[in-house]
Amino acid sequence: MISVTSIPWENIGKVRSEPKKRAGIIVDLRLCVGCHSCSLACKTEHNIPLRCFRTRVRYLERGDKLTLKFFPLICMHCQDSPCLKACPCNAILRLEDKTVIIDKNRCGSEKACVKACPYGAIYIDPATDKADKCDLCANRTALGMEPACVNVCPVNALKYCDLEDPDDPVVIYARKHDAKAFKEEAGTNPSVFYIGLEKWMEKKVENGIQLSSKEDEIIYVQK
Amino acid sequence: MSNITRREFIRIAGGISVGMASGACSHPFVKEKHSCKQSQNLKRLIGTKIDYTKARAVPSICFGCTTHCGVIGWVQDGIVKKIEGNPLDPNSRGKVCAKAQGMISYTYYPERIIYPMRRIGKRGEGKWKRISWNEALDEIAKKMKKLRQEEHPERFVFHYGRDKTKGFTKRFTNAFGTPNRLNRRSICSSNRRAPLMSFYGREFEWETQDFENTKFILNFGANPMEAYQGGFFMMQRIQQARVDKGAKMITFEVRPSATASVSDKYFPVFPGTDGAIALAMINVIIDNNLHDKKFWDRWANYPLNDLKKQIASFTPEFAEKESGVPAEEIIDIAIEFAKASPECCTMSNRGSAKHYNGVQADRAIRLLDVLVGNVGRPGGFCLSTLRMWKKRYGQDGLPNIVQPGPSPSSVKPFQPGTEQFNELPVEVQERVKNFPPEWQNKYFGELATPSEYPLSWHWYPMRVGQLVYPYIKEGRAKVEMYMSYTLGASYGYPEAKVAREVLLDEKLIPFHVAIDIGYSEQASLADIILPEATSLERWDAHSTNCYGLVPYTGIRQPMVKPLGEAKPVQIILRDLASKIGGGMESFFNFNDVEEFYREWYKELPISWKEFKKRGIWYDPNRPKDYELYERPVSNDDLKGSFVNKENNIIYKMKKGKKVAVGIMQDGKPVCGFPTPSRKIQVYDEVFPLAAKHVGLPKSDENGSPLCTYFKIPSHVNIQHDELIFTTFKWNVHTQGRTGHLKYQAEIVHANPVFINPETAKRFGLKNSDMIELTVHRPKGHTYRAGEKEPVGKFRNTVRLLNGMHPKVVAVSHHVGHWEHGSVGRSNVNLSHESKSGTEPHLKIFDDKDIPERIWWSKSQGGPGGGVHINDFLPIDPAPLVGGQNWFDNVCSIEKI
């Protein structure tokens, strides 16, 4: 009568998956229901201070259908990274799986990266005054775990994959459903792609992940 | 640019991780050495980063809402650092929502209550003193003992907001002898449970649609993408069916909810007209001969032709006039729904049910499934076992999972001649004396079983929580001691001000004990506060209906020890019982709680150790719960049974009582449904019977034995400039219990009035304008019906939103706390700093976010913490069943 399923958490840290050649995330906007599970996963995984966001879900009013569209935003882990180029301290690095991370020991709090990022992905941690952002949960992926946001997503709208592995089922899925880069014209060669992305959505989330200075409503995007 | 490895990075990042500032333990109440030590450890460790190679995974069951998903807690250095999903849970399938993950902030809230407290000022004044458990329980036990000596145990009232102990608190109230174990079922779901129990029987007060395999979902105002008991299980399967398999979902709603937003079509409908739409669809399906005649004749308890005659006037054109949904759309949807059968299902919850006419509306919606014959079939409207297992209907072959004995006997009903009965108001006595004997045996006084709402306790005691305070005020019941258990009535009940008024009146409530986790509005009005362990710190047995249609059970187990002196409710009640004594202690004869639960699960086919390691058990070889009603009656039940020739029902004598065990269909004994007729009771005499006993006028069609539709009395002749004021729930919040959790409050901390842009134009309103909203008293057969004086007025800003029904304004109800510490109040001035030593918040450790970074608070230049609106929602129980009519309220608005 015992279920044959193994207990997955017992293997964590013992079995490590091969590092990805280029780690990426596919966001299927058709599936997202705006539940903010990814936001809480990120906040609790990394103890992110209030007012700072590594991931954020925006609610967009559709003009036509009288309903809302949900849009999760995270760092795009660009391969042509504006932040990395802008940093005068060489504190922004690329890991072996091509994720872009900030070495806080080197960060000189110049804030050039904050300005350079077209996605608003970088914030200044109020406790340390250093720049910080999504590291695609390097602490988890090193142990063979998925990034925290991907792990919890109830509708599998976030999918973790190796963009340089043509046989990765997520990559095949992304190609089939015409996944697109957000703000393609920024020319940053991101590692995050969206299924079901439409131009009107991009305009609405222009200011990206962090709160804009005048924004008094965190979720809804004003027209 | 250099490429570094992930392991190197972790080393770098780990080196600069930010801990909490350490500091001396300075609070005047934290005197004991061990508390101080724990406090300092917390200061050092909370907020440090998790290292999964050093953390331990403890599976448990979430209590972030009433859905109860399997979770695992990652524990390091004695602190829960992360919550994830338990992939072995067949219901939640390894996923968790925002609320589940926020339980960490719930446990490690710096202003949580972790010591027993006694008030030292006036009740409600907010001055407190820490006392020992012994002192607290001695005082409570002394008063409770006296009530037993005086033979008035019913004057002890136990009122809970959330109790998932699966009968443990009932063990306590039964052992003490009080029937007054009250809840908030009417606030939540009784209007939608009653139609289900009427149709399918007591076992199936909650349905389990087979969303994984469905092709067409017809949604009448339910919102599982944001809030719904089981919504989290439904959400994943609905999205999977829609996106991966092309299933379609149609939603009728009053606002663009997340569910409406992901639907293939969303129709804004006038509130409380879902029943008209459903009845029109029934007509369309019958007219087009798309119903399942074979299923209807076999399983419905009423002839289809007679049904057709009685509902013929509810045409699509009529429904269009009522609801605003075009008749041709209603026709097309009805046809598409019926053609998809059995791979189709309806879905409804509070949106359709929490109205004056909501019970009848839900009966009409439920009838759609019976009509097309999708009940219990793959992809259809299924029913699966909900309760703990003890050989109930649909639980054959499952181990007995029952609370260990010895169990106290049930409390005796209030029968004529007893002192309890004679104390009732005369008109109540008269009403009860006329009740049929079956009801007289279920009558326990006006708080537990209000005689005006017999269908709130006909199937089982659902209670009418919102009437408890008015009834105490009116003197319908005498209370000596009132115990609130994680109850948010003073904040979240309709006209919460009535609850506060009663709780502040020491004549009405001479003694008030609150068992709570945080300093809630309810706890602030107590005489003694007993701190409870959170769901990360306690045991509970768990079972609920599984949307994978596999009965399963899970165990909530402590991931860590309770903070400070907080205790799980099982220990609190055990210790209290032992102090009360008089035999009561014999029902609580266990040393530790684990031992008790181990006994509870003794029939489980896996070892206790294995169960704790997995957190979940189910039988993977058991067939899914499809078509339970067609399963043959077991040989055990057939032995000694007899068949009633008139109705084909198979009866058996059990403990001297005649019990139905099945029904003969085509000469074969099958289980049928656990209803009196063993069929689906689309026709139910209990509605007119109840209406007769409470004197409901014939014109009020809540007493109709067949489903029907009628206009909500308050909505007849609604004026052009009047709107309907509705409330809704956000996906990151659970009722009034999460407004103080920092990460969730950061996402939703305000509750603007959502309004359609066209309507706004009519009133000359633009975004962020301030309005005054006046809520009028409801009409019909309800509390304070038709009074001219409005329920109240409040001010709030408006937010224009396309997709809102033009006659509706919607405001969420989670925020606007005045207690629950600095995050709850969105207040940067910590209470304990200003009045140190008087309030119960022991700043148990530092959290740099609190209060300095609550950026939405007014003092930080933000919009503030929203408006408390629950004072302005009238107490409005639906006739007979008593469910609160949350969404009927007529209001006027005025620009300020």
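Residues numbered from 1 in each chain as written. Chains lettered and ligands numbered in written order. Predicted model: local features only at pLDDT ≥ 70, side-chain atom pairs only at ≥ 80, totals over all residues. Heavy atoms only, no water.

Its domain assignment divides chain B into domain 1 (117-189 + 402-542 + 552-618), domain 2 (201-385), domain 3 (632-670) and domain 4 (717-895). Centre-to-centre separation of domain 3 of chain B and domain 4 of chain B, based on C-alpha positions: 53 Å. (Domains from an automatic or database assignment.)

Residues and elements named next belong to chain B. Within the secondary structure, proline 179 sits in the loop between helix 6 (168-176) and strand 8 (181-182). For the pair proline 179 and glycine 518, spaced 339 residues apart in sequence, the C-alpha to C-alpha distance is 27 Å. Residues contacting proline 179, with those up to four places away along its chain left out, are Glu154, Val411, Phe414, Phe444, Ala448 and Arg463. (Helix = DSSP H or I, 4+ residues; strand = E, 2+ residues; numbered from the N terminus. Contact = heavy atoms within 4.5 Å.)

Take helix 17 (residues 358-372) of chain B next. Residue and element names in this part refer to chain B. Here helix 17 spans 22 Å end to end across 15 residues, near enough to the 21 Å set by a 1.5 Å rise per residue. For helix 17, a buried count of 15 out of 15 residues is recorded, marking the element as mostly surrounded by other parts of the structure. Once helix 17 finishes, glycine 373 follows within two positions and takes phi at roughly 70 degrees, a positive value. (Expected span 1.5 Å × (residues − 1). Buried < 20%, exposed > 50% of the residue type's maximum accessible area, 1.4 Å probe, protein only.)

With that settled, consider the packing of aromatic side chains. Residues and elements named next belong to chain B. Under the criterion given, the structure shown has 58 aromatic pairs over all chains. For the pair tyrosine 52 and tryptophan 74, a centre-to-centre distance of 5.0 Å together with 90 degrees between the ring planes defines the contact as edge-to-face. Taken together, the residues span a long stretch of sequence, with tyrosine 52 in the loop between helix 2 (33-45) and strand 2 (56-61) and tryptophan 74 in strand 3 (residues 70-76) at a distance of 22 residues. Classification of tryptophan 74 as buried rests on a relative accessible area of 2%. Aromatic side chains phenylalanine 318 and tyrosine 709 sit 5.9 Å apart centroid to centroid with 75 degrees between the ring planes, which places their arrangement in the edge-to-face category. Residue phenylalanine 318 is found in helix 14 (residues 316-323), and its partner tyrosine 709 is found in the loop between helix 28 (686-694) and strand 23 (722-728); the two are separated by 391 residues along the sequence. We note lysine 143 situated over the ring of phenylalanine 511; from NZ or CZ to the ring centre the distance is 4.8 Å. (Phe/Tyr/Trp six-rings, centres within 6.5 Å; stacked < 30°, edge-to-face > 60°. Lys NZ or Arg CZ within 6 Å of the ring centre and 35° of its normal.)

Further remarks concern the interface of chain B and chain A. Between chain B and chain A, the contact holds 81 residues from the first and 84 residues from the second. Summed over both partners, the interface of chain B with chain A comes to about 7300 Å²; 62% of that surface belongs to carbon and sulfur atoms. In this structure, A:Arg140 and B:Glu84 form a salt bridge, with 2.4 Å as the shortest nitrogen-oxygen distance. If one sorts the elements of the side of chain B that touches chain A by residue count, helix 9 (residues 231-245) of chain B sits on top with 7 residues. Classifying every residue of the side of chain B that touches chain A by side-chain character gives 45 nonpolar, 19 polar and 17 charged. (Buried area = accessible area lost by both parts, 1.4 Å probe. Salt bridge = Lys/Arg side-chain N within 4 Å of Asp/Glu carboxyl O. Nonpolar A, V, L, I, M, F, W, Y, C, P; charged D, E, K, R; others polar.)

Moving on to the sheet that holds strand 3 of chain B. Residues and elements named next belong to chain B. Taken in spatial order, the 3 strands of this open sheet run 2-3-4, and their pairing is antiparallel. In the strand order of this sheet, the two ends are held by strand 2 and strand 4 (79-85), each with one partner. Averaged over all neighbouring strand pairs, the angle between strand axes comes to 30 degrees, with direction disregarded. Two elements, strand 3 and strand 4, share 6 bridges in a ladder whose sense is antiparallel. Bridge pairing in strand 4 places valine 75 opposite valine 80. (Pairing = 2+ DSSP bridges. Axes fitted to C-alpha atoms, helices over the stretch in contact; angles between N-to-C directions.)

Another aspect to go through is the pairing of strand 4 of chain B. Put simply, side chains in a regular strand alternate between the two faces of the sheet. The element strand 4 of chain B is extensively covered by neighbouring structure, given that 7 of its 7 residues are classed as buried. The antiparallel pairing of strand 3 of chain B with strand 4 of chain B creates a hairpin that spans 2 residues between the two strands, and B:Asp77 there sits at a positive phi of about 55 degrees.

Below, the discussion takes up the sheet that holds strand 1 (residues 23-28) of chain A. All names here are of chain A. Taken in spatial order, the 3 strands make up an open sheet running 8-1-9, and their pairing is mixed. On the outer flanks of this sheet lie strand 8 (158-162) and strand 9 (192-195), each paired with one strand and no other. Neighbouring strand axes in the sheet, compared pairwise and without regard to direction, differ in orientation by 25 degrees on average. Where strand 1 meets strand 8, 5 bridges bridge the pair, whose relative direction is antiparallel. Counted as the bridge partner of glycine 24 is cysteine 161 from strand 8.

What follows is about the side chain of B:Asn889. Residue and element names in this part refer to chain B. Position of asparagine 889 among the secondary structure elements: in strand 28 (residues 889-895). One polar contact links the side chain of asparagine 889 to the main-chain carbonyl oxygen of tryptophan 886, over a distance of 2.9 Å. Those residues in contact with asparagine 889 that lie beyond four places of it in its chain are Leu723, Ile724, Phe725, Val775, Leu873 and Pro874. (Polar contact = N/O pair within 3.5 Å; in protein donor to acceptor, adjacent residues only side chain to side chain.)

What follows deals with the nonpolar core. Residues and elements named next belong to chain B. Among the nonpolar cores identified, the biggest contains 216 residues, and Tyr200 and Phe252 are the most heavily contacted of them. The dominant element in this core, judged by the number of residues it contributes, is helix 11 (residues 274-287), at 10 residues. Sequence-distant contacts of phenylalanine 252, defined by excluding residues within four places in its chain, comprise Leu218, Asn219, Phe220, Gly221, Phe267, Val269, Asp274, Ile277, Met281, Val325 and Ile333. (Core = buried A, V, L, I, M, F, W, Y, C linked by side-chain atoms within 4.5 Å.)

Further remarks concern the pattern of salt bridges. Overall, the coordinates contain 75 salt bridges over all chains when judged by the stated rule. Measuring nitrogen to oxygen at the nearest pair gives 3.7 Å for the salt bridge that ties A:Glu164 to A:Lys98. Within this pair, whereas A:Glu164 is found in the loop between strand 8 and helix 6 (169-176), its partner A:Lys98 is found in the loop between strand 4 (92-95) and strand 5 (100-102), the two being separated by 66 residues in sequence. Measuring nitrogen to oxygen at the nearest pair gives 3.1 Å for the salt bridge that ties B:Arg181 to B:Asp163. Taken together, the residues span a long stretch of sequence, with B:Arg181 in strand 8 and B:Asp163 in the loop between strand 7 (156-160) and helix 6 at a distance of 18 residues.

Our next topic: helix 6 of chain B. All names here are of chain B. Along helix 6, 8 of the 9 residues are buried, which leaves the element largely enclosed by surrounding structure. Burial in helix 6 covers these residues: Phe168, Thr169, Arg171, Phe172, Thr173, Asn174, Ala175 and Phe176. At its buried positions, helix 6 is contacted by helix 5 (133-149), strand 7, strand 8, strand 13 (481-485), helix 24 (569-580) and helix 25 (593-600). Following helix 6 by one or two positions, glycine 177 has its phi on the positive side, about 105 degrees.

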